[in-house]
Every structure is written in C-alpha cells, then in structure tokens.
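Remarks on the overall topology
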Amino acid sequence: DAGVTQSPTHLIKTRGQQVTLRCSPKSGHDTVSWYQQALGQGPQFIFQYYEEEERQRGNFPDRFSGHQFPNYSSELNVNALLLGDSALYLCASSLGVGGAFFGQGTRLTVV
Amino acid sequence: GNSVTQMEGPVTLSEEAFLTINCTYTATGYPSLFWYVQYPGEGLQLLLKATKADDKGSNKGFEATYRKETTSFHLEKGSVQVSDSAVYFCALSNAGGTSYGKLTFGQGTILTVHP
C-alpha cells in the first residue's frame, strides 16, 4: 500500500501564476481533504471532496479550487498566486471519520 | 466554532525524561481527538486517537486520555528518545453533524530530545 501520494514535492511559481497540485489517496479511501500549512503553524483546512463533489470548505478564497476524479484522486488549483500562498500543502485521505492519513505534502514557494 | 490549544513550545528534554504536552479543546457535540506527529521535511503521521470520553489512545509508548470534564487530551510518554524529536499536533474532528471528519489543529509543539 503506497499510502497517500502527492506530486510534485516542491514547486516554485511566480506571483500571479496558477498552480495545480495532485493527490492519490490511500487505497480504499474515498474522501480527500486539502490543508495549507504555513511555516511554524498547524495545518488549516481548505476543502474536502467526496463522491467527486466539494463537501465542505474552509475559510479560503475562491482562488482555491479543486476536483476529485472517479478513482478518488484529487487536484488542488490555486489561481493568481500571492506571496502569502507559499506553504506546505497537505492532502489527507480518509474513509468515514476514523482519522485521516496524510501525504508528504507539496512545498509551494511563490516568488 | 471548534478550536484546539496546545502548550507553548519548544520543549527540550534529555533522553529518558518524562514528556507531557498539554492540549485543550473547544467543540460542539462529541468530537474525536487525535495526536499527529511531523518529522522534519515530512507530512503528518497519525500517532494516536480517542473517539469518546475516557478512552485512552496509545502507540509507540505515547498515551493520551480523552477527558471530557476538562476538555483535554494531554500527550504523555514515560521515557523519550532522541528519535522522538519532532513537531506534535493535537487535533479534533466532529464525528457527526456537518463536519464530515474535517480536522481542526492546534499550533503544534516542537519537541527536541538531547542524548
């Protein structure tokens, strides 16, 4: 079992650009959540996908959008990047409410 | 809304010392409680969990007891090792209602263990 895998691991983008991050959930998991972790902070919930629909959303602007595919994998898209979007983006998968399993994260740097 | 408060860090201990990291929470209903650990340059790993009052979660020598009366979930370990050096996050999730397992995290506590 490969667990939760994310790609890419590191990314550098210029302010104003758009970025897409990808996540493959742990085998058998049907729910994918995305979190943003700023340096020295705890992760903040962005949104959650279940059955290819956004089920819940945190306090993030519409520049942050996502998608879930029929195989449960997911993408996080961020448009019009700001310097403040620099962070570690974590994907977590779960089945029910038993606790989430996290990927290694994608380190996004906006310059 | 839900919130989690962890003790201020960083925490520095000598090997074999006793560890306590305090965590208190505010939540509606009956949340599930978790401790996650993050090693340098890595994502979060689930360390232990408890889903109802008085439950004790345990793993790798770490323990935490769900105390509803004090809304706390303190992490303890009797004898820490250098390899336990990491950032520890307390988190909660509402099992019911409309939260669908969304995790709310504390700010994290950095633990450094010296030989």
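Just above, that's the structure.
Residues numbered from 1 in each chain as written. Chains lettered and ligands numbered in written order. Predicted model: local features only at pLDDT ≥ 70, side-chain atom pairs only at ≥ 80, totals over all residues. Heavy atoms only, no water.

Quick look at the interface of chain B and chain A
At the junction of the two partners, chain B supplies 19 residues and chain A supplies 19 residues. Inspection of the region where chain B meets chain A yields zero salt bridges. There are three residue pairs in polar contact (both at pLDDT 80 or more) connecting chain B and chain A. Those elements giving two or more residues to the side of chain B that touches chain A turn out to be β5 (31-38), β6 (44-50) and β11 (103-105) of chain B. When the residues that make up the side of chain B that touches chain A are grouped by side-chain class, the tally is nine nonpolar, seven polar and three charged. (Contact = heavy atoms within 4.5 Å. Salt bridge = Lys/Arg side-chain N within 4 Å of Asp/Glu carboxyl O. Polar contact = N/O pair within 3.5 Å; in protein donor to acceptor, adjacent residues only side chain to side chain. Helix = DSSP H or I, 4+ residues; strand = E, 2+ residues; numbered from the N terminus. Nonpolar A, V, L, I, M, F, W, Y, C, P; charged D, E, K, R; others polar.)

So, the pattern of salt bridges
Oppositely charged side chains can form a pair if their charged atoms are brought close together. All names here are of chain B. The full count for this structure, using the stated rule, is six salt bridges over all chains. With a shortest N-O distance of 3.4 Å, D55 and K52 are connected by a salt bridge. The partner of D84 in a salt bridge is K77, and the shortest N-O contact between them spans 2.7 Å. Overall, the relative accessible area of 10% leaves K77 in the buried class. (Buried < 20%, exposed > 50% of the residue type's maximum accessible area, 1.4 Å probe, protein only.)

What to know about the sheet that holds strand β8 (residues 74-78) of chain A
Residues and elements named next belong to chain A. Overall, antiparallel pairing links the four strands, which are arranged β1-β3-β8-β7 in an open sheet. Only two strands of the sheet have a single neighbouring strand rather than two, namely β1 (5-7) and β7 (64-68). Across the sheet, the mean angle separating the axes of adjacent strands is 20° when strand polarity is ignored. Sheet topology places strand β3 (residues 19-24) next to β8; five bridges connect them, and they run antiparallel. Looking at the pairing, L21 lines up with L76 of β8. (Pairing = 2+ DSSP bridges. Axes fitted to C-alpha atoms, helices over the stretch in contact; angles between N-to-C directions.)

Focus: the environment of B:L111
Residue and element names in this part refer to chain B. Position of L111 among the secondary structure elements: in strand β12 (residues 109-114). Given a relative accessible area of 2%, L111 falls into the buried group. Once the C-alpha coordinates of L111 and V82 are considered, the two residues, 29 residues apart in sequence, prove to be 9.7 Å apart. Every residue in contact with L111, bar those within four places of it in the chain, is listed here: V11, L13, L19, D84, S85, A86 and Y88.

A look at the state of the cysteines
Residues and elements named next belong to chain A. Taken as a whole, this structure holds two disulfides over all chains when the rule is applied. Note that C23 is cross-linked by a disulfide to C91, the S-S spacing being 1.8 Å. On the sign convention where negative is left-handed, the bridge of C23 and C91, at about -60° about the S-S bond, is left-handed. Placement of the pair is C23 in strand β3 and C91 in strand β9 (residues 87-94), with a sequence separation of 68 residues. Of the two residues examined, C23 and C91, each falls in the buried class. (Disulfide = S-S within 2.5 Å.)

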